[in-house]
Amino acid sequence: MCCLALRSQAQTKPVTGRIIDSQTKENIIGATVQVKGGTGGATTDVNGIFRINAPDGAILDIKYVGYDPVSIPADFSKEMTINLVASTTSLNDVVVVGYGTQRKVDLTGAVAVVKSSDIANLPVGGADQILQGKAAGVAVTQQTGAPGDAISVRIRGIGTIGDNNPLYVIDGVPTPNGINQISPNDIESISVLKDAASAAIYGARAASGVVLVTTKKGKTGTPKINVNAYTGVQTSQHLVKMANTQQYVVAYNTAAANDGRAAIPANIIGALPDVDWQREVLKPAPITNAQVSLSGGGENTTYIVSANYFKQNGLIKNSSFDRLNLRTAINSNISKIFTVGVNMNLGYSKNRQVGTSGDGFGDGNPGASVLRYALFRTPATPVYNANGQFVDIPTNPEFFGDGLNPVGFADNYDRNFNTYSLLGNVYLEINPIKNLKIRTDFGTNFRIVDYKQFFATWGIDRFLNSPNSLAQSNNNYFDYNWTNTATYNLTLAKKHVFTFLAGTEIIKSNSTSLGGSRTNYPNQSSEFQYLGNGLGIQQNGGGQTHWALSSLFARVNYTFSDKYLAAFNVRRDGSSRLDPSDRYGNFYGGSVGWRIDREEFLKNVKPISLLKLRAGLGSLGNQSIGDYDYATLVRQVNFYPFNGASNQGNSIVLLGNPMVKWETQTQADIGLDLGLFNNKLSFSADYYRKNTKGLLLPPQLPTSAGGVSSANVNSGGVRNEGFEFELSYRGSMNKFKYEVLGNFATIKNRVTSLAGGSPLVGGRIDNNYYATQTGVGQPIGSFFLLQQEGIFQNAQQVFTHAYQGPGIQPGDVMFKDISGPNGVPDGIIDFNDRSYVGSPIPKFTYGLTTNFSYSGFDVSLFFQGVNGNKIYNQINTDIEGFYRAFNITERIATQSWTGEGSTNEFPRLSWNGAVNNKQPSTRFLESGSYLRLKNVQAGYTFNSKLINRFKISNMRVFASVQNVFTVTKYTGIDPEIAVNNNSLGDGVRAVGIDFGTYPSARTITFGINANF
C-alpha cells in the first residue's frame, strides 16, 4: 500500500498554456516555465505556448527578461492564459562585480551598468565606443574619427601622468586591450567599477577603474537562430569654411601689398581652378555589419555559437577597418556537483591607416594628417594635370604654395596592421556541499600583430620618399591567467546573510617582437614588396619582455534584514615589475549601505520603493610601469678604440630605480539611491574624492649623464573629485511606452605635488614651443600660453603698450603683459608672460537617452556632450596665421583687420606681421564644449502572427543616423579629439591639440534583427 501511495504521489499530468504581454496581448516567445522545486522546464514556442508535466498542486514559475516573474498554481482543466507585466523595477537585477555577482539592490559601491538593450545596433567598430554617454563619470573620446583608431576611456578623471586606461575583464579574463577583439553584438552587459571599494579586489591594476564585460550565453530551450545586420554610408558631417580661389587671391594680394611683395598677376587669375580640397579628400564610404548566432540548450547544457563580420571604409582613401569574429560559449552541468564551461573568441582584424593627426614630427610618428595637407592646399591648384597625374608643385608656387597634394598623399599610403587573436577561458565549477561553490578558471589572450608599410616614391616634380622603403614587423603577445575562487553563502537566524569569497590568481604576460626594414625597391608593385627585394640599407631588430603578477584576494558581503549592508575587500599583489626585495603590496576596500526604505517609519510610504545611502573607502594601485624599471640596463653600443684596436663596447642605457613602486590611490565615495513609484522613477547621486600618491615621473638628470635615461621615480600626486548623477523614468499608457535615461558628472582635476615642484611641459606645437604645462595646483596638461588682449588699432597703442618686438604695426595682435623675470609686469612681452589659460579636461560630461514605442513602432534618441574644456586649434596657426602660401579660412580672408575699428579679433593680412601674430597664444585656444545628437534610431517590430508562418519568431527592421548634428563654438572640423600623433609620448599632458584631425563621420544605416 505504501508503494502504491508513493507511486500515486509521484505521478504527473500535462499542463498547457499561453503566455502573453499583459498590455499588448502579444505572444511572448522564449519565456521559461518551471515547476517550483522541480528540475525540468519548458520554454514557450513561436505562439507563446508551453507544455510541461507537473504533479497535483504544483506551482509554476514563469520568467522572461524584461518582465516581472510570476508564480501561479498549475491548472490541469484547461489551457492556461498567463499575463506577464513588463518590469518597471530593476532592484532584483543581478550585477556582475569582481569575481562574482550581486543583486543590484544590495550594492554598496559605485557600479554603473550598461545592458545590451542600451547599446543595440549602434554602428561602431569597437566595444569601448558604446560606453560613450551611457554612464556617469565615464568619459569616452575618440582619438580620431579614423576606422579602428584608439579610444580614450577615462573613469572619474585623469589620475596619473602615465597610463590612465581602465582594466578590462572579459568573462573573467583580465586584459588591457581585449575589449576590441570582441564584437559589440556579443556583449550581454557591462559593469563599470568606479570607486575603490568596488575595484579594490583587483588591487594593483584598478587605479583607473575596472570594466567588467559579460558576453552572451545560451539559454535552455529549442535552438534559435538570430540574424542581426545593417549596412549604410558614412559622410563628412562638418567642414572648415576655407577661402575659395577669388577670396584667396584677394587676401594674398592684400598681404603682398602690406609686405611689399609682388601680387598675383591679373592675367592668370581668370584661368585658375577653384578646388575644395576637403571634399576631394573626404569621400562617402560604406559601413557593414552582419552577425549570425545559434543558441539553445537542454536541461544540463546550453550553448551559443556566433559569427560576426564588420567592415568600415574610411572617409579618406586607404583607411579602413575589417574585423571577423567566431565565438562559442558552452556551459554544461555534468552532474549535481560539477559544471564545466568554455568561452572562446577567435578574431581577425585588418586596419589600413593613413595619417590622422599631427604634422609627422618625431620618431615613430605614423605620419602627418592627410586632412592637414588638404587645409593647406590652395584652391587655385588642380588635383590632376592634363595627363591624369597628381599635380605636385603647382605652377607659380610662390603664389600657390608647395604643400603636398593631399589626394596623392592619401593614394600612396600603404600602412597595414593585421591582428590575429584568441580570447577566452575554460572553467570547472564544483558544488561539493550546499552553498559552497569552488571554481578554477584558466583564461588567455593571445595576439599576433603583423605590421607592414611601404613608403612608395611618388611625385612628378620632386621625388617624395626617395629612396622608397619597406618596414615590417611581427609582434606576439601571450597573456594568461589562472584564477581560483571559493564562494560560500551563509544565513543565520534568517536575518544575517553572509557571502564569503576567497581566491588566488596568477597572471603572466610574454611578448616578442621581430622587425626589419629595407630601402631601394626598383619595382614598387605589391608583388615585389618583400624585405628580400630591397637593394639598399638593411636594418633588423627584435626584443622580448615578460612580467607576472601573483595575488591573493578575499571579500565578504553582509546583509542584515535586507536593511543594513556591508562589503569588505582585500587583495595582496606581488609584481615582477618591482625589485625582488619588495614586490608585494596590500589593497583594501570597504563600503556600507543603509536601506532607509526598509525602516518602520518609511514602510508605509508607498511612493518610495527604494531609498539607500552608501559610503565607501579603499585603496588601489597602478602597476603600469616599465617591466624592468628597478634594474639598470646595459646594451651593446658602438665600437670604441682600446689598445690601438677597435672594440665593441657596452654602455648603460637605463639607470634603474630599485625603490620604484606602483602608484597608489585612495578614494572615498558617498552615494544615494532613490526609487519612486515601484522604481518607475530612479535617481542616484555620488560624490567622490580620489588622491593619487607616488606619481611616477621622469627624474631630471644632469647633462653630464650623457645619453643615459633614468627610470621613473615616485614623486608626485594628483587629486580628482566630482559629483555624478543618474536619472531614469519608465512609463506606459496602454500601448505607448516611454523611457528617459540621463546622466551628468562633474570633474575637478588638480596636481597636488611634483618632484621639486618643477612643472612638466608637453604638447609640441612648433619648434621649441609647447602648448601645455603640468604644474602644482593646476589640472594635468593645462594650456600655458600668451594671452591675446586684442588688436592694435593705431600707432599710439603700439607705442604705449608693452614692447612686443620690432616691426609691430597697427593691425597686429596685442598680448597681455602678465609678468617678467621678477614675477611682476615688466613692459616686455616674452615667455615670462605665458600663464595658465584653460584645461583640456571637461568640467562636466553628460548623456541623455529617450526611447519611445507604440504598437510595434519604436524611436530612440541619444544625446551626448561635454562642457568646460579647451582645444588648442594648432592648424589655425597655419591656415589663419598666413605666413606663407597656404590656404586660409574664409573668415580670415574676409574679416581681417583693415583699419582702426574694423575688428579686434583678427589681425591684418601680412606675412611679415605673422612673426608676431601667429605666436602660440589664446588667439588659437577655443572652447571644446559640444552637444551632439549621437544617434537617432527608428524601428518596427512585426506582429508575430504575420511572420510565424515563415518560421520567424521575431523580426525588427530599423534605420539609424549616427552623429546627426553637433552644437559647438569650436571652429575646427570636430571637437571630439584626444592625443595627436605628435604627442603620443606626452600622453595626457598633451590632450586637446588639433593639427587637422581625421573627423568622425555621419553614418546612415539600415538594418534587420530577426530570430528564427
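Residues numbered from 1 in each chain as written. Predicted model: local features only at pLDDT ≥ 70, side-chain atom pairs only at ≥ 80, totals over all residues. Heavy atoms only, no water.

A word on the packing of aromatic side chains
Two descriptors summarise a pair of aromatic rings, namely the distance from one centre to the other and the angle between the planes of the rings.
Right, so step 1: Under the defined criterion, the tally for this structure stands at 39 aromatic pairs.
Right, so step 2: Each ring, one from F725 and one from F744, has its centre 6.5 Å from the other, and the planes form 35°; the classification is tilted. Of this pair, F725 sits in strand β37 (residues 717-733) while F744 sits in strand β38 (residues 736-746), and the two are 19 residues apart along the sequence.
Right, so step 3: Taken together, the aromatic side chains of F683, Y687, F723, F725, F744, F844 and Y846 make up a single cluster linked through ring pairs.
Right, so step 4: Positioned above the aromatic ring of W662 is the side chain of K661, whose terminal nitrogen or guanidinium carbon lies 5.5 Å from the ring centre. (Phe/Tyr/Trp six-rings, centres within 6.5 Å; stacked < 30°, edge-to-face > 60°. Helix = DSSP H or I, 4+ residues; strand = E, 2+ residues; numbered from the N terminus. Lys NZ or Arg CZ within 6 Å of the ring centre and 35° of its normal.)

Let's talk about the confidence of the model for the protein chain
The predicted coordinates ought not to be read in detail in places where the model reports low pLDDT.
Right, so step 1: Summary statistics for the protein chain give a mean pLDDT of 91 and a share of 96% for residues scoring 70 or more.
Right, so step 2: Per-element mean pLDDT across the protein chain ranges from 41 in helix α1 (residues 2-10) up to 98 in strand β44 (residues 813-815).
Right, so step 3: Ignoring residues within four places in sequence, the model shows residues 1-9, a span with pLDDT below 50, making 0 contacts including any to other chains. (pLDDT = per-residue confidence, 0-100. Contact = heavy atoms within 4.5 Å.)

Looking at the sheet that holds strand β7 (residues 80-84)
Right, so step 1: The strand order β4-β1-β7 describes an open sheet built from 3 strands, whose pairing is mixed. Lying at the two open borders of the sheet, with one neighbouring strand each, are β4 (49-54) and β7. Averaged over all pairs of adjacent strands, the angle between their axes in this sheet comes to 35°, without regard to strand direction.
Right, so step 2: Summarising the sheet, strand β1 (residues 13-21) and β7 pair through 5 bridges and their orientation is parallel. Its bridge partner being in β7, G17 is matched across the sheet by M80. (Pairing = 2+ DSSP bridges. Axes fitted to C-alpha atoms, helices over the stretch in contact; angles between N-to-C directions.)

Observations regarding unusual backbone geometry
Right, so step 1: Cis geometry is adopted by the peptide bond preceding P467, which originates at S466 and carries an omega value of 0°.
Right, so step 2: Residue placement: P467 occurs in the loop between β23 (436-455) and β24 (469-492).
Right, so step 3: Even without being a glycine, N396 presents a positive backbone phi close to 60°.
Right, so step 4: On the secondary structure map, N396 appears in the loop between α7 (370-376) and α8 (397-400).
Right, so step 5: A positive phi angle, close to 55°, is found at F677, a residue other than glycine.
Right, so step 6: On the secondary structure map, F677 appears in the loop between β32 (663-676) and β33 (681-693).
Right, so step 7: A relative accessible area of 46% places F677 in the partly exposed class. (Buried < 20%, exposed > 50% of the residue type's maximum accessible area, 1.4 Å probe, protein only.)

What to know about the nonpolar core
Right, so step 1: Within the largest apolar cluster, 32 residues are counted, with the highest numbers of intra-cluster contacts made by V281, L282, I316, V370 and F409.
Right, so step 2: Not counting chain neighbours up to four residues away, the residues in contact with F409 comprise A368, S369, V370, Y373, L404 and W458.
Right, so step 3: With 25 residues, the next largest nonpolar core counts L131, Y168, I170 and I190 among its residues. (Core = buried A, V, L, I, M, F, W, Y, C linked by side-chain atoms within 4.5 Å.)

Structural notes on the pattern of salt bridges
Right, so step 1: In this structure the tally under the stated criterion is 42 salt bridges.
Right, so step 2: With a shortest N-O distance of 2.9 Å, R372 and D878 are connected by a salt bridge. Taken as a pair, R372 in helix α7 and D878 in helix α12 (residues 876-879) lie far apart in primary sequence, 506 residues in all.
Right, so step 3: Using a relative accessible area of 6% as the deciding quantity, one classes R372 as buried.
Right, so step 4: For D878, a relative accessible area of 5% corresponds to the buried category.
Right, so step 5: Among the charged side chains, a salt-bridge network with shared partners connects R156, K194, K612, R614, D669, D673, D686 and E724. (Salt bridge = Lys/Arg side-chain N within 4 Å of Asp/Glu carboxyl O.)

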